[in-house]
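# Breakdown of the fold
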Amino acid sequence: MEIRKATDTTGAEILGIDVAAGLDRKTAYAIRKVLDEHGVIFLRNQCITPEQQVDFTRLFGEPDINFNALRFGIDGSPEIYIISNINKDGKPIGTRRAGETWHTDMSYAKEPAAATMLFAVEVPTLQGLPLGDTAFANAAAAWDALPTELQDAINGLRGTFDFRGRKRNSPVSAEDIAKYPPIDHPIVRSHPRTGRKSLYIVRDDCTSIIGKDAQESAALIEALADHIVKPEFIYQHKWQVGDIVVWDNCTVQHRAILDYELPQRRLMWRTTVKGTIPQL
Ligand code: OGA
Ligand code: MN
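Residues numbered from 1 in each chain as written. Chains lettered and ligands numbered in written order. Predicted model: local features only at pLDDT ≥ 70, side-chain atom pairs only at ≥ 80, totals over all residues. Heavy atoms only, no water.

### Some points on unusual backbone geometry
Definition in use: Per the convention used, a helix needs a DSSP run of H or I reaching at least four residues, while a strand needs a run of E reaching at least two, with both numbered from the N terminus.
At the junction of Leu262 and Pro263, the peptide bond is cis and its omega measures out at 10° in the coordinates. One can find Pro263 in the loop between β19 (252–256) and β20 (267–273). Look at Gln127: it is not a glycine, yet its phi comes out positive at around 55°. By the element assignment, Gln127 lies in the loop between β9 (125–126) and β10 (129–130).

Listed below in C-alpha cells is the structure:
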C-alpha cells in the first residue's frame, strides 16, 4: 500500500489496494489511519459489487441506512443510496442535487454520519474531461489556522443546526422534518478517534450560535464558514469511473460541482457510517 497526499492540507490517494479482493486487518487499520490523518481518501480503478462496498464501509464503522434509500436504493443492499441525474422509465433513479452548497453530512442529526463513501459507476465528461467534481475543505486545518484569540473566543460555543436551513431541491417529508428537529452541536469539535479539533459550522445548516444575538450569530457563522473554504484548505476531486472516495464528516466539509447536464450521466453509490454525538 502506497499513500500520496492530494494537497498540502487535504486528501490522500491510496494505491496498491484491490478492495474487491478483501483486506486483512492490518491493511484495514492502516487505511482508516490514512483517513483519520487526511480527512479524505481515494482509491482508483476499483471494481466492486454493492455487497463489497457495504463490507468496505464496515471498515470505518457501522453502515447506516439513509432515509432516501427507500426511494433511491439498490435491491438487496439497503445501505446503498444512489446519487444520480439519470432517469429510468421517466423517473429519477437517485438524488440529482446532493449537496450543492458546502456542508458536512447529517449535521442536523443528533449523531451525524461519521464518514461517507461514494463509488463512481458513471462520471460525466466533456471532450474526455471529467465533470461533476466533489470539492472538500479541511475544517481541522481551518481551525489550526485561526488566531489563538479567536480560537479561545469560540472554543466551547454551541450552534443550532436545522434540517430546513439548507435549501434542498429534493422533497422533504413531514415525517423527516419531525425526525430531525433543530439540534445544537459544539461549533468546535474533537475528532472521536484522534482528538484533533475542527470547526463545525455550516453556513446553511447552522442557523444560530447559542448565547449570541441574531446579528452577532450571523456574522460569526459567515466569517467562519468563509474561512473553512479558503483555497489552502481545499482538495477538489476529479472523478474517474471506479473511484472510491471516503470522507470524514468531522474533519472535512464538501460540495458537489453541478457543471454537467444530461446526456452527461453521473451515477454514484453512496454509503454512510453511523456517527456519535459531537463533543468539544
Ligand atoms: C453526498 C454529497 C457530493 C457529490 O453524497 O453527501 O454531498 O459530489 N455528494 O455527489
Ligand atoms: Mn453530502
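### Focus: helix α6 (residues 214–228)
Defined as follows: One less than the residue count of a helix, multiplied by 1.5 Å, gives the span that helix is expected to have. Exposed residues in this analysis have more than 50% of their type's maximum accessible area, buried residues have under 20%, and partly exposed residues fall in between, with area computed by a 1.4 Å probe over protein chains only. It is the directions from the helix axis to the C-beta atoms that the arc portrays. Whether two residues are in contact is decided by their heavy atoms: any pair within 4.5 Å suffices.
The end-to-end C-alpha distance of α6, which contains 15 residues, comes to 21 Å, matching closely the 21 Å that a straight helix rising 1.5 Å per residue would cover. Of the residues making up α6, those classed as buried are Ser217, Leu220, Ile221, Leu224, Ala225, His227 and Ile228. Taken around the axis of α6, the buried residues stretch over an arc of 155°, which confines them to a single face. Residues of α6 that are buried sit in contact with β11 (134–138), α3 (139–144), α4 (148–154), β15 (197–199), β16 (206–209) and β19.

### Notes on the environment of Ile31
Along the chain, the position of Ile31 falls in helix α1 (residues 25–38). Distance from Ile31 to Ile14, taken between C-alpha atoms, is 7.9 Å for residues 17 residues apart in sequence. When residues no more than four places from it in sequence are discounted, the contact partners of Ile31 are Met1, Ile14, Ile17, Leu23, Ile41, Phe56 and Phe60.

### A short note on the side chain of His191
Note the following rule: Counted as a polar contact is a pair of N or O atoms within 3.5 Å, where, for protein atoms, one must be capable of donating a hydrogen and the other of accepting one, and residues adjacent in sequence contribute only when both atoms are in side chains.
Its location among the elements puts His191 in the loop between β14 (188–190) and β15. In this structure the side chain of His191 is engaged in a polar contact, spanning 3.0 Å, whose partner is the backbone nitrogen of Arg193. Excluding its chain neighbours within four sequence positions, the residues that come into contact with His191 are Asp36, Arg196, Asp248, Cys250 and Thr251.

### Some points on the layout of surface pockets
Defined as follows: Any residue with an atom within 4 Å of a point lines the site, the site being either a cavity, points on a 1 Å grid over the protein atoms alone where a 1.4 Å probe fits but cannot get out, or a pocket, an open set with protein on both sides within 12 Å along at least 5 of 7 lines. Grid points are joined across faces, edges and corners, and a volume is the space filled by probe spheres set on the points. Each residue gets one label: Ala, Val, Leu, Ile, Met, Phe, Trp, Tyr, Cys and Pro are nonpolar, Asp, Glu, Lys and Arg are charged, and the others, such as Gly, are polar.
A volume near 240 Å³ is recorded for the second largest pocket. Along the walls of the second largest pocket sit 17 residues, with Asp64, Met106, Ala109, Glu111 and Tyr180 positioned nearest its centre. Residues of the lining of the second largest pocket, tallied by class, amount to 10 nonpolar, two polar and five charged.

### Focus: the coordination of the manganese ion (ligand 2)
To keep it simple, the criterion reads: Sites may look incomplete because water is not among the atoms; the donors themselves are N, O and S atoms within 2.8 Å of the metal, or within 3.2 Å for Na, K and Ca.
Distances from the manganese ion (ligand 2) to its protein donors, namely His103 (NE2), Asp105 (OD) and His254 (NE2), fall within the range 2.1 Å. Spacing between the donor residues of the manganese ion (ligand 2) along their common chain follows H-x1-D-x148-H. Placement of the pair is Asp105 in the loop between β7 (91–92) and β8 (115–122) and His254 in strand β19, with a sequence separation of 149 residues. Residue classification places Asp105 among the buried positions, given a relative accessible area of 4%. Relative accessible area serves as the criterion here: at 4%, His254 is assigned to the buried category.

Geometric values such as these leave the question of function open.
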